[in-house]
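Reading the structure
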Amino acid sequence: MVENLIVRGGTVVRSSEVVSADVAIVDGRILEVGSQIAAPTGAIELDATGCLVGPGLVDLHTHLREPGGEEAETVETGCRAGALGGYSAVVAMPNTIPAIDSAAVVAQVIALGQAAAIDVAVAGAITVGRAGQILSPMAEMASLGVTIFTDDGNGVQDAGLMLRAMQYARGLGVTLAEHCEDESLAGSGCMNAGSLASRLGLPGRSGLSEEIMVARDLALAEATGCSLHLLHLSTARSLELCLAAKAKGIDVTFEVTPHHLHLPEELCASYDPVFKVHPPLRTKADIDALVAALIAGQIDAVATDHAPHPAQAKDRPFDQAAPGMLGLEHAAALTWEALGAEGDGRMLFEVLSRRPARIARLTEASERRGGQSAHGGELMAGEDANLCIFDPSRRPIVDPAALASRSRNTPYAGRTLTGGIRHTIVRGELIVRESEAQR
Amino acid sequence: MSDLPVKSDVVGQHLLSISDLTIDALIEHLEVAEAFCEVERRSVRKVPTLKGKVVASLFFEESTRTRLSFETAAKRLSADVLSLAVASSSVKKGESLRDTVETIEAMGIDAVVIRHSSAGAPHQVARWMDRARVLNAGDGWHAHPTQALIDLFTVRQAIAAQEGRTSEGTGVSLLEGRRVLIIGDIRHSRVARSQIDAYVLAGADVSICAPGTLLPTGPADWPVTVVEDLDAALAEADIVSVLRMQEERGSGSFVPSLAEFTATYGMTDRRAALLRGDALITHPGPMVRGVEISSMVADDDRCLVRRQVSNGVPVRMAALFLALSTPEEGIRG
């Protein structure tokens, strides 16, 4: 239900400035931002003292699992988890059952999203059934507002097919997003390749398998001029390759995940599959390189790769367990922590909202996408009211049983986080109030 | 058999990996195994030590000797043995590993002996158990701790015999400073990993030799020396561990052909002639004669394969006994 709201006492974080201001919201839009402004009629007063008030977060990489994987997550539960994590929009990955590789499935997920707490943008598959054989009908899906295509879960293994996909996508003005892992190198590997994996007797999944596909796709993007987004980069060398390509003017963006900013491969020594993910947790040197790049503003987006799995997919031997971990509910605190838990908050909202909103082209409202609102804004009067109110002083302890996700596979159980989401407002609706989901 | 002293920090523990053992625990296993060798020489080869205890053997991967050896060891200690035939069990019907082992624990078992094709499965099972102790009978490429204990035990006995003394009570003194050379498919070998841990813990110098594709990843981080000149290393070795080529784990595709492997890294008659007269050869079995070891070498007096097999029972008796004892109990013979 859309009500009038006033957010009092917070620090409003814009791209170019940070101001102490109240935000008045009426009819789903920001009415006014200023010091000690009058409350709109009947407005709910929200305390934001000590909080950073920014645009609602945008996740470029969410597995909502619906259709087909409803035991792990549904659009409804995933969006509730997202709301609790400060998100106003997520991009739903297409590795559902069936895959999102046709207008019919795109329309189904958009419709499910319209009933959810936050906006759901849909990514389509590059190839039919994500099988890496035949191009999916990208134009048909683009007509429903799909702007990102990916076979995520797997990379497109065939370089010739990826070249063709890029040539086709460029003409449509859409972005291809790649899960960079060359399967001839990654094979059946289940943790970072190296001496630790070898000691543990676990087959390795090398950084090389990622870097070779990063290098390949950068060359293909340069040759075609296609807009390329690289998903969940995890190694220092991938970062180096990407930054060099950007310097050269190649149209590429990339994301890193909170887990690749925080969790080292050593956690796999417990053989607890909650730490199994693709690409795998890497070395401390890789983490240090990614964190330094984040602080330096070189990372386009922190994206969660929120990957819910039911217990039976994880209560298995490490090499047989499903890869992936939850991310939505704690990404903001983990990103804030990776930034050193300091600063004025601008980088936090750059990597979690404004840049990902631009990459997913969610900065304008879209009728084609089922009336979705505009995200990643500047908190100016007249904008759609999508707000994330982050309290750096919170110290929540992660309790898997208390998660809104249908799944429990968080690698952060028992960890004390630095900061937490206090309120989330989507299209003017107060969907999270004092860290409690309102629907 | 008289009561044995038992150190409190080595009893009642899971046996998952040699890397979890202290030197005291390693020695305790060797010495308790010596004591159980005596049971093997009795007319009634059975002691009531674990009477009333239930040991479940869960072999999710094929095995002949390890399973028989563990089950024999449990029976010699008067434990009841439950044996899960995986091929006909609920595992085949899609039950998860967790449900399988929790169901079995609910039947009141005291120990689980587990073999699994996945590295780490015994560690996970140990986390899921409330009170049962878990003994790792081999997990993927990762560990085979009782095999390494058997190898050290057998080598210790053989060295003691060469010196005309008994091995009982010698701790690891007969192993300290010995040059151990492990040859063959180390990448896929749980035996090699456990041997490396055990020999290094015992104070031996461990070298490994294999084609580049069968070496472990990042060997510089391992507590071993990688040798390239196999013939030179053989001439200096005190103990040579020959590993099986694990074709079922795909090691065949890591070398151009088995014939080429035999020619370059096999324990052939020519290579055996390079060994010192008092050098010892171990092999975890089953041997593939003509591939990693020639038939003549397999039957050489210096080759300990058969003694390794017969020592399997007392060493696994020791492992079961130590895992199922409490500090208050000794061995009641």
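Higher on the page you've got the structure.
Considerations on the interface of chain A and chain B
Listed by partner, the interface residues are 18 residues for chain A and 22 residues for chain B. When the two sides are added together, the surface that chain A and chain B hide from each other amounts to roughly 1600 Å², 51% of it contributed by carbon and sulfur. Contact with chain B buries area across many residues of chain A, yet R199, Y271 and D315 of chain A alone supply 39% of it, more than any other trio. Remark: the boundary between chain A and chain B carries two salt bridges.

Here we look at the pairing of strand 5 (residues 179-183) of chain B
All names here are of chain B. For strand 5, the tally of buried residues reaches four of five residues, placing the bulk of the element in the interior. Summarising the sheet, strand 5 and strand 6 (residues 205-209) pair through five bridges and their orientation is parallel. In the strand pairing of strand 6, V180 is matched with V206. Chirality of the crossover, the property in question, places the unit of strand 5, helix 6 (residues 190-201) and strand 6 among those that are right-handed. Both strand 5 and strand 8 (residues 239-242) contribute to a ladder of four bridges, which runs parallel. Bridge pairing links L181 to V240 in strand 8.

Things to note about the packing of helix 12 (residues 331-338) of chain A against helix 13 (residues 346-359) of chain A
Residues and elements named next belong to chain A. Axis separation between helix 12 and helix 13 bottoms out at 10 Å; the angle between their running directions is 135 degrees. Taken together, the axes of helix 12 and helix 13 are oblique relative to one another. Both helix 12 and helix 13 take part in a crossing whose hand is right-handed. Of the residues in helix 13, those in contact with A331, A332, T335 and W336 of helix 12 are L348, V351 and L352. Each residue belonging to the contact of helix 12 with helix 13 can be placed in one class, and the counts come to six nonpolar, one polar and no charged.

With respect to unusual backbone geometry
Backbone phi values are negative for most residues with the exception of glycine, while trans is the configuration of most peptide bonds. In this chain, E66 of chain A is followed by P67 of chain A through a cis amide linkage whose omega measures 5 degrees. Cis rather than trans, the peptide bond between I97 of chain A and P98 of chain A has omega equal to 0 degrees. Examined against the element boundaries, P98 of chain A turns out to sit in the loop between strand 7 (87-92) and helix 2 (103-114). The phi dihedral of R427 of chain A is positive, around 50 degrees, even though this residue is not glycine. A relative accessible area of 26% means that R427 of chain A is categorised as partly exposed. Of note in this structure, S78 of chain B is not a glycine but carries a positive phi near 70 degrees. Relative to the assigned elements, S78 of chain B resides in the loop between helix 2 (65-76) and strand 2 (80-84).

What counts and what doesn't
- Numbers given for residues are sequential positions, taken from 1 along each chain in its written order.
- Key to labels: chains lettered from A, ligands numbered from 1, both in the order written.
- In keeping with the predicted nature of the model, local features appear solely for residues at pLDDT of at least 70, side-chain atom pairs appear and are counted solely at 80 or more, and the whole-chain, interface and lining totals rest on all residues.
- Side-chain numbers come from the whole structure's heavy atoms, not from hydrogens or water.
- A contact between two residues is defined here by any heavy atoms of the two lying within 4.5 Å.
- Buried area counts how much accessible surface, traced with a 1.4 Å probe, disappears from two parts once they are put together, with both parts' losses summed.
- Here, a salt bridge means any Lys or Arg side-chain nitrogen found within 4 Å of an Asp or Glu carboxyl oxygen.
- Here's how the labels work: a residue is buried when its accessible area is under 20% of the maximum for its type, exposed when over 50%, partly exposed in between, all with a 1.4 Å probe on protein chains only.
- Numbering of helices and strands starts at the N terminus; helices are DSSP runs of H or I of at least 4 residues and strands are runs of E of at least 2.
- When DSSP finds at least two bridges between two strands, those strands are taken to pair.
- Handedness of a crossover: with both strands directed away from the viewer, a clockwise path from the first strand across the helix to the second marks it as right-handed.
- Note on geometry: axes are C-alpha line fits, over the in-contact stretch for helices, and angles between N-to-C directions span 0 to 180 degrees.
- Oblique is the label for every angle not falling under 35 degrees (roughly parallel), over 145 degrees (roughly antiparallel), or within 65 to 115 degrees (roughly perpendicular).
- Should the near helix be turned anticlockwise from the far one by less than a right angle, the crossing is termed left-handed; should it be turned clockwise, right-handed.
- Gly falls in the polar group here, along with every residue not listed as nonpolar (Ala, Val, Leu, Ile, Met, Phe, Trp, Tyr, Cys, Pro) or charged (Asp, Glu, Lys, Arg).

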